[in-house]
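# Per-entry structural report
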Amino acid sequence: MDVEQVITELYGLRPTQFTAARDGYVARARQEKSPEAACRIAALRKPTLALWSAGLFARERPADAAAFLRLGGRLRTAHRELDGARLRVLSHERHRVIGALARESVQLAGEVGERVSESVLREIEQIFHALLVDEGAGRRWLAGRLTSAPTVRVGFEGVAPGPGAVPSSPATASRTPPAPSTQPPAAVRDAVAERRAREHERRLEAARHAEAEATAAHEQALTELAEAATVLERARGEAAAVREELHTVLVRLEAAEKAAAAAASRHHRVEAAAKKTGQAAESATRRFRDARWWVRWVAVMSGASFLRPAQTR
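Residues numbered from 1 in each chain as written. Predicted model: local features only at pLDDT ≥ 70, side-chain atom pairs only at ≥ 80, totals over all residues. Heavy atoms only, no water.

## Details of the overall build of the protein
Secondary structure summary: the protein contains 10 helices and 0 strands in total. The secondary structure elements of the protein, listed N-terminal to C-terminal, are α-α-α-α-α-α-α-α-α-α. Expressed as a percentage of its 313 residues, the buried residues of the protein come to 29%. Relative to all contacts within the protein whose residues are 6 or more apart in sequence, the contacts with residues 24 or more apart total 71%. Summing over all exposed atoms, the protein offers an accessible surface of approximately 20200 Å²; the carbon and sulfur share of this is 57%. (Helix = DSSP H or I, 4+ residues; strand = E, 2+ residues; numbered from the N terminus. Buried < 20%, exposed > 50% of the residue type's maximum accessible area, 1.4 Å probe, protein only. Contact = heavy atoms within 4.5 Å. Areas by Shrake-Rupley, 256 points an atom, 1.4 Å probe, with all protein chains shown as cover.)

Set out below in structure tokens:
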């Protein structure tokens, strides 16, 4: 079984269809004696509505998704090179593109019957922000194999500047930047403003990350609550069916006990009558034996003349 292909298929399904399909593949892998595949598939978690919606965009708009990841590459390059001017331009473009992509994801989800709330929309935006930073997660997303939302990082945390890279500003855009001692005040102000902007962006990203985590936890809790309600309803139905069967069995048991009691009573009466008839039969047998003995005795005493009338004449 090709587990990667199974993952692609499962995360292309709607969230409500995921669990049953996953369990079906687990059972199939076990039947095929593939315990490793069964374990990998069983460990897959049902995607949140936000993660599924983001994946739906990559499936339905692969060219736009690839272009979006190229923007992430340019942002990472600008960060490594400490190109402040490019970072400002690309950061503005990033926010604009992410907003457009998130709204498009919501529209695509609505076209297949999934209603997306404002809180889920913000969670989708957080996923897109993380995809621009996490190159590996971006590749999995584009391939339709993103199984969990990537961690939202502050700015481009983890993308280290390249060797020899120095912060750039409009005043230091030339190939030969002036020495620090001769740096004009405008450049200093730009550098300070850039640092403040990055700090503000890091704080904003952290706040968005906290909000996304809380929203995801809430959505997961609602999903688990719905699943628990389904299990509870099924258990109540089974309990009601068992109670009905038990009631039927108790009624049949009561009827059987009454029939057994009636049969026992009849058996007792028949047994008593049989005993009486047996005693009467024994008494009749004794009387018959006594009468036969008496007849023989009389016959012997009288010479049995009355038994042979022809001889007496």
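On we go from here.
## Some words on the side chain of Thr8
Position of Thr8 among the secondary structure elements: in helix 1 (residues 3–10). Judged by relative accessible area, Thr8 falls into the buried class, the value being 19%.

## Overview of the nonpolar core
Within the largest apolar cluster, 33 residues are counted, with the highest numbers of intra-cluster contacts made by Phe68, Ile124, Phe128, Leu131 and Trp141. Contributions of two or more residues to this core are made by helix 4 (49–60), helix 5 (62–80), helix 6 (84–111), helix 7 (118–133) and helix 8 (135–142). Formed by 13 residues, the second largest nonpolar core is a distinct cluster that contains Val3, Leu10, Ile41 and Leu44. (Core = buried A, V, L, I, M, F, W, Y, C linked by side-chain atoms within 4.5 Å.)

## Some details on the environment of Ser53
Along the chain, Ser53 turns up in helix 4. Residue classification places Ser53 among the buried positions, given a relative accessible area of 0%. Residues Ser53 and Glu114, spaced 61 residues apart in sequence, show a C-alpha to C-alpha distance of 8.9 Å. Excluding residues within four positions of it along the chain, Ser53 makes contact with Ser105, Ala109, Val116 and Ile124. Only 2.7 Å separates the side chain of Ser53 from the backbone oxygen of Leu49, close enough to count as a polar contact. (Polar contact = N/O pair within 3.5 Å; in protein donor to acceptor, adjacent residues only side chain to side chain.)

## Examining a nonpolar patch on the surface
Taken together, Trp293, Trp294, Val295, Trp297 and Met301 make up a surface patch of nonpolar side chains, about 610 Å² in accessible area. Among the structural elements, Met301 can be located in helix 9 (residues 185–301). (Patch = residues over 30% accessible without salt bridge, like charges linked within 9 Å, V, L, I, M, F, W, Y side chains within 5 Å. Salt bridge = Lys/Arg side-chain N within 4 Å of Asp/Glu carboxyl O.)

## Description of the pattern of salt bridges
Inspection of every chain in the model, using the stated rule, returns 9 salt bridges. For Arg145, the salt bridge identified is with Glu4, shortest N-O distance 4.0 Å. With a gap of 141 residues between them, Arg145 in the loop between helix 8 and helix 9 and Glu4 in helix 1 connect regions that are remote in the sequence. The partly exposed category is assigned to Glu4, whose relative accessible area is 31%. Here Glu104 makes a salt bridge to Arg61, at a shortest N to O gap of 3.0 Å.

## Thoughts on the packing of helix 4 against helix 6
Helix packing for two helices is described by the angle between their axes and how far apart those axes are. With their axes 9 Å apart at the nearest point, helix 4 and helix 6 run at an angle of 90 degrees to one another. With respect to helix 6, the element helix 4 is oriented roughly perpendicular. Counting all contacts with helix 4, which are made through Trp52, Ser53, Ala54, Leu56, Phe57 and Glu60, the residues of helix 6 involved are Leu101, Glu104, Ser105, Leu108 and Ala109. The residue inventory of the contact of helix 4 with helix 6, partitioned by class, reads 7 nonpolar, 2 polar and 2 charged. (Axes fitted to C-alpha atoms, helices over the stretch in contact; angles between N-to-C directions. Parallel < 35°, antiparallel > 145°, perpendicular 65-115°, else oblique. Nonpolar A, V, L, I, M, F, W, Y, C, P; charged D, E, K, R; others polar.)

## Points about the confidence of the model for the protein
In this model, the protein carries a mean pLDDT of 79, and residues with pLDDT of at least 70 account for 69%. Here helix 10 (residues 309–312) stands out as the least confident element of the protein, with mean pLDDT 52; helix 4 is the most confident, with 96. Every residue in residues 162–185 is under pLDDT 50, and counting partners more than four places away or in other chains gives 22 contacts. (pLDDT = per-residue confidence, 0-100.)

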